[in-house]
6 protein chains.
Amino acid sequence: MFLPILFIFSLLPFSHSAVQDFCVGDLALPDNPAGYPCKKPAKVTVNDFVFSALGVAGNTSNLIKAAVTPAFVAQFPGLNGLGLSLARLDLAVDGVVPMHTHPGASEVLFVLEGTICAGFISSANAVYFKQLSKGDIMIFPQGLLHFQINSGKGVAIAIVSFSSPNPGLQITDFALFGNNLPTELVVKTTFLDEAQVKKLKGVLGGTG
Amino acid sequence: MFLPILFIFSLLPFSHSAVQDFCVGDLALPDNPAGYPCKKPAKVTVNDFVFSALGVAGNTSNLIKAAVTPAFVAQFPGLNGLGLSLARLDLAVDGVVPMHTHPGASEVLFVLEGTICAGFISSANAVYFKQLSKGDIMIFPQGLLHFQINSGKGVAIAIVSFSSPNPGLQITDFALFGNNLPTELVVKTTFLDEAQVKKLKGVLGGTG
Amino acid sequence: MFLPILFIFSLLPFSHSAVQDFCVGDLALPDNPAGYPCKKPAKVTVNDFVFSALGVAGNTSNLIKAAVTPAFVAQFPGLNGLGLSLARLDLAVDGVVPMHTHPGASEVLFVLEGTICAGFISSANAVYFKQLSKGDIMIFPQGLLHFQINSGKGVAIAIVSFSSPNPGLQITDFALFGNNLPTELVVKTTFLDEAQVKKLKGVLGGTG
Amino acid sequence: MFLPILFIFSLLPFSHSAVQDFCVGDLALPDNPAGYPCKKPAKVTVNDFVFSALGVAGNTSNLIKAAVTPAFVAQFPGLNGLGLSLARLDLAVDGVVPMHTHPGASEVLFVLEGTICAGFISSANAVYFKQLSKGDIMIFPQGLLHFQINSGKGVAIAIVSFSSPNPGLQITDFALFGNNLPTELVVKTTFLDEAQVKKLKGVLGGTG
Amino acid sequence: MFLPILFIFSLLPFSHSAVQDFCVGDLALPDNPAGYPCKKPAKVTVNDFVFSALGVAGNTSNLIKAAVTPAFVAQFPGLNGLGLSLARLDLAVDGVVPMHTHPGASEVLFVLEGTICAGFISSANAVYFKQLSKGDIMIFPQGLLHFQINSGKGVAIAIVSFSSPNPGLQITDFALFGNNLPTELVVKTTFLDEAQVKKLKGVLGGTG
Amino acid sequence: MFLPILFIFSLLPFSHSAVQDFCVGDLALPDNPAGYPCKKPAKVTVNDFVFSALGVAGNTSNLIKAAVTPAFVAQFPGLNGLGLSLARLDLAVDGVVPMHTHPGASEVLFVLEGTICAGFISSANAVYFKQLSKGDIMIFPQGLLHFQINSGKGVAIAIVSFSSPNPGLQITDFALFGNNLPTELVVKTTFLDEAQVKKLKGVLGGTG
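Rules of the game
- Residues numbered from 1 in each chain as written.
- Chains lettered and ligands numbered in written order.
- Predicted model: local features only at pLDDT ≥ 70, side-chain atom pairs only at ≥ 80, totals over all residues.
- Heavy atoms only, no water.
- Helix = DSSP H or I, 4+ residues; strand = E, 2+ residues; numbered from the N terminus.
- Rg over C-alpha atoms; globule rule 2.2 N^0.38 Å.
- Buried < 20%, exposed > 50% of the residue type's maximum accessible area, 1.4 Å probe, protein only.
- Contact = heavy atoms within 4.5 Å.
- Areas by Shrake-Rupley, 256 points an atom, 1.4 Å probe, with all protein chains shown as cover.
- Buried area = accessible area lost by both parts, 1.4 Å probe.
- Salt bridge = Lys/Arg side-chain N within 4 Å of Asp/Glu carboxyl O.
- Nonpolar A, V, L, I, M, F, W, Y, C, P; charged D, E, K, R; others polar.
- Phe/Tyr/Trp six-rings, centres within 6.5 Å; stacked < 30°, edge-to-face > 60°.
- UniProt positions renumbered as here; feature names shortened; annotations may be inferred.
- Pairing = 2+ DSSP bridges.

Undergrad: It is not clear to me how the overall build of chain A should be interpreted in this structure. Could you clarify?
TA: A count of helical and extended segments in chain A gives 4 helices and 11 strands. Here the C-alpha atoms of chain A give a radius of gyration of 22 Å, more than 25% beyond the 17 Å that 2.2 N^0.38 yields for 208 residues. When its C-alpha atoms are laid out on the principal axes, chain A stretches across 85 × 40 × 35 Å. Looking at the 208 residues of chain A, the share that counts as buried comes to 63%. The long-range fraction of contacts in chain A, counting pairs at least 24 apart against all pairs at least 6 apart in sequence, stands at 65%. When the accessible surface of chain A is summed, it comes to about 6,700 Å², and 59% of that surface belongs to carbon and sulfur atoms.

If you want it as structure tokens, here you go:
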């Protein structure tokens, strides 16, 4: 007697293959300006929507005493097309995330542990920075230079959320000194002393 | 000798009033489909970008033993126009966030403490649910029914991130039973028994 | 003498292959967050832009006495990338489209025949419903629960328009009771009685 | 005993004033590129979402024997920000909607009554036209020249749907001949004979 | 000693293949509503971002004494997904770009040399036109009919910028008279005299 | 006899006040994330769409021997909501536009005069730079560090186009050294020597 209701629903064209509630990225295919092609829905499982790497502290045994663990579309293809992503930030004592930008996303940082001095600089050249404690959140608008410094006596941990599955990351020092951009061009476009440029190129592996 | 460089920069039209890197919402003015009008940049301070309420546990002394603390544009106007927001979820033992949707945003949940059974249901009627442990993240695509249940023996806490400063929230039970939608219409459109509808209207304060 | 004007136009690079006025979806290729890859313009004909299935009444010989005939991108690939779609709704006497949402689109319904009681519920839990007569149109904003009931003495027919070629459809009852979502989870997340859940799972073919 | 659940829900910040599921336009305030400012939710009723003017035939007692009745945001402010709109098209015998474009929206036409010859022309200068019967739908991609002609022996009626609440309308003849654009400029930019231009300026009320 | 900083950076997942700062279009693959699939970043060179054809005057030895040289995505795939494009306009003495629209983009024209009479017509049928001198810029909003005429005594040159990598171009005369759209339909939908239509079909190579 | 056609057109609701083909910004009112409120169409004239300041060379008598003259929405409100803008770049001999980003837009530069060495650096830390000659165009994708240097023996001039009416501009040196960001924080987040930071703060007027 109740079969007819099943019948009408099964007539509806809302099969797995026709509905795009989500689009788990197939990273093996070329992406496009909207992201990656979708994995076939029939092959999608709950594991495409769950990611565990942010539960583990990053390795901060390095000069900046910091680690960023991303859950962007490249690591977590379930985010493809959904307009957001996450990352984990670990800062050892004296750790710092150097001045950087995300060309494609705004960011909100949530302090899980410790104390972080964070800030950004606007196009109008205004500086906005503050000491953040556990539980504080702070906004870093899209494309603006910003930084985070462990300003406490223990480790600091944060979760950062982005308004894109692919926010990008440009660390200014790395961009200026960590590649083959000729020293002459760096000097001309930054007004830094040549000795300073060469010193940092040495540290960051740059050539030219 | 160095004054000329200052001169040229000061000639550039990038004053506070002309550049819109961000648009801190002025909630006193009417919003529109893009959000709220911007607070004047000269009145914006770092405090417009920092919010502390997510550091405090919500009160879970209620029937569902759960609390959601939002940092949406209405609470945190610095998010206006930036395409993302956050919230904190506290689940006491046996706590549950009932079946609900966010009409305007996809969501990613990060488990801070405890164990959470979370899931969503697709348009194609497939069910995706899993036990999440501390450090796991899970995606809930835009507009789909989803839920979170404390499946552990202690409290559970999560930070949730949304792809909109104004994700909306529609708790199915509250929408069906917590207002003046006539019982007759609820019965006709849900196939629930009338007694069931009246019982839940009683619990949730609905009339009609 | 007039040939030169032809010459200059033919020099312009606006060949079929270079201009994307439209992008008829090639459903055989994987879609992506923006939709399907485009059929080659040289193979596109007027028939890619014309669709006739909405002229035929759907079969309402079922329990809900209702039928929805979609012209979404999966049925009508000419809509790919154009930001809208249509569907036809047939309601026999006592027919009902149960409580549902479209996760990806707002909707406007136009009553072609008969009388329809239609409504939606907002995030703020306000109820908006009304009797609609032939020629009336009604808006259902994106992602919100809504329903349509034949409230007249004859058949009712409507054309519905969506703000996406792929609006999605989540019928609440089907999502809750028509799949393998465990009864225990349904009970916990809806506060419905277990007997009620099992009864509707029986009707709608659900298991677990 | 059940009061606590009410309590927690009422603590949620999802009041009418804070949630933007919809944004009924307040046409008395200035619009911006996203649409009109929102009417206060507390003043919104179901009547903001229902519109009846499309149920009445337009007056086709005119030279083109056609009438368009719009339900755009200017007539139906509930559509503000929702990404779609509708209109009704009435064509008497021999009626025609002259060649025109919608600068801001794609269109889908549904034939309610009669027979319509409709078509559009692409950027690549390909022509797509067809006889449409009752129940047929046809797509007209954004910004392209298109037309509809009553090609049957009785009246024809159609409902047209747009991918914007404000699709715009530019009737080519009206743009070329119905205003003060100097005849000399029309001749130079259309290659039409001056006599032809002056004749149509006479018909359409143009000057210059 | 400085190696650790390199180490942490190299651990970051920001390899060429994972970051989408840009998406140089691979025109050999099918496009989609968002544009073309991306060329693999490892194969991208600076030459994908540099284009020289706009430095050369177009050939204006034709009836309209005008030439448009585009740098759209089809000619310059580096623009794929970036939301803008350019073109060069050469107008010999008495040259004219006939009445046309760009269905997919707004335009800003910058006069490099000479004097240009340019204008557009709004949906509200208002005419906006002006004599432009070297250095002037003028806006033509999306989808509206517009034209440019050399109104000086020497050649005129302009650079035009569009808000899309694929703005499209529909020259009204070419659309009406340069294809197989039947004369009868042109007459019915434009109110032009049949002789006028046939004359221009002859000039522009139209048939039917 | 022809009056009826006028009648039907005048019945159409496409008055100035109802159609939004464009939205000339009213800079006196507060903006929001979509831009500025629209000037009333009845007050809009062709002069709102024409701007002449780019025809005049900027003053390059300064240390960087460069000047940027913008036509962004703040200078040219007709661009409001249209998704593009322009600027003029003048570079005297040895002139340089220092390393900078536009947080909100991609850029295409067209060389009008002279020779320019221009480049950008990707998130993947790849460097793309090239000598550009008159007539060359080059792309700078959104949010990435880039620069332009006069690499010829005479002046260089360029027109730059942006994919936003409000692209923003963050000159790295000015952001790091031209405000009150404490020297200690600059040192920590850039790894520059303190002496270098203080020297450039002196040049650029920074304090702290």
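Continuing now.
Undergrad: Sorry if this is basic, but what is going on with the interface of chain A and chain B here?
TA: In many reports, interface size means the accessible area that the parts give up when they come together. At the interface, 52 residues of chain A touch 52 residues of chain B. Both sides of the chain A and chain B interface together cover about 4,100 Å² of buried area, and 73% of this is carbon and sulfur. Looking at the side of chain A facing chain B, the largest losses of area belong to Tyr128(A), Ile137(A) and Ile139(A), adding up to 15% of the total buried there. In this structure, the connection of chain A to chain B is made through 0 salt bridges. Looking at the side of chain A that touches chain B, the elements with two or more residues in it are β1 (50–51), β5 (107–113), β7 (127–132), β8 (137–140) and β10 (156–162) of chain A. The residue inventory of the side of chain A that touches chain B, partitioned by class, reads 33 nonpolar, 14 polar and 5 charged.

Undergrad: Looking at this model, I keep getting lost on the packing of aromatic side chains. Mind explaining?
TA: Two aromatic rings, taken as a pair, are described by how far apart their centres are and by the angle between their planes. Per the counting criterion, the structure on display carries 54 aromatic pairs over all chains. Here the aromatic rings of Phe22(C) and Phe120(D) are separated by 6.2 Å at their centres, their planes lie at 75°, and the arrangement is edge-to-face. Separated into two different chains, Phe22(C) in the loop between α1 (3–11) and β1 (50–51) and Phe120(D) in strand β6 (residues 116–121) make up a pair that spans both. By the burial criterion, Phe22(C) is buried, and Phe120(D) matches it. Measuring from centroid to centroid gives 5.8 Å for Phe22(C) and Tyr128(D), while their planes differ by 85°, and the two rings are edge-to-face. Here the residue Phe22(C) occupies a position in the loop between α1 and β1, and Tyr128(D) occupies one in strand β7 (residues 127–132), the pair thus bridging two chains. Grouping residues by exposure puts Phe22(C) and Tyr128(D) together as buried.

Undergrad: How should I be thinking about the UniProt feature "binding site: Mn(2+)" (unreviewed entry) in chain A in this particular structure?
TA: All names here are of chain A. With numbering aligned to this structure, UniProt lists the feature "binding site: Mn(2+)" (unreviewed entry) at His100, His102, Glu107 and His146. A compact arrangement is adopted by the annotated residues: their sequence extent is 47 residues, whereas the largest C-alpha distance between any two is 12.0 Å. Summarising the element assignment, His102 is placed in the loop between β4 (96–101) and β5. Each residue touching His102, except ones within four places of it in the same chain, is listed here: Glu107, Gln142, Gly143, His146, Phe162, Pro167, Gly168 and Leu169.

Undergrad: What am I meant to see in the sheet that holds strand β3 (residues 85–91) of chain A here?
TA: Sheet strands associate in pairs through backbone hydrogen bonding, adopting either a parallel or an antiparallel arrangement. The antiparallel open sheet is built from 6 strands, whose spatial order is β2(A)-β3(A)-β10(A)-β5(A)-β8(A)-β1(B). The open sheet has two edge strands, β2 (66–71) of chain A together with β1 (50–51) of chain B, and neither has a second partner. Note: β2(A) against β3(A), 6 bridges, orientation antiparallel. Pairing of Val68(A) across the sheet is with Leu89(A), part of β3(A).

Undergrad: Sorry if this is basic, but what is going on with the pairing of strand β9 (residues 146–150) of chain C here?
TA: Consecutive residues of a regular strand have side chains that alternate between opposite faces of the sheet. Residue and element names in this part refer to chain C. Counting buried positions along β9 yields 5 of 5 residues, so the element is predominantly enclosed. Here β9 shows a buried face lined by His146, Gln148 and Asn150 and a second buried face lined by Phe147 and Ile149. Relative to β9, strand β4 (residues 96–101) runs antiparallel, the two being bridged by 3 bridges. Across the sheet, residue Val96 finds its bridge partner in β9, namely Ile149. Across 5 bridges, strand β6 (residues 116–121) lies against β9 in antiparallel orientation.

Undergrad: Can you help me understand the pairing of strand β10 (residues 156–162) of chain B in this one?
TA: All names here are of chain B. Counting buried positions along β10 gives 7 out of 7 residues, so the element sits mostly inside the fold. The two faces of β10 match: Ala156, Ala158, Val160 and Phe162 on one face and Ile157, Ile159 and Ser161 on the other face are all buried. Of the strand pairs in this sheet, strand β3 (residues 85–91) and β10 are connected by 7 bridges, and their pairing is antiparallel. Looking across to β10, one finds that Ser85 is bridged to Phe162. Examined bridge by bridge, strand β5 (residues 107–113) and β10 share 6 bridges and lie antiparallel to one another. Bridging across to β10, Val111 finds its partner in Ala158.

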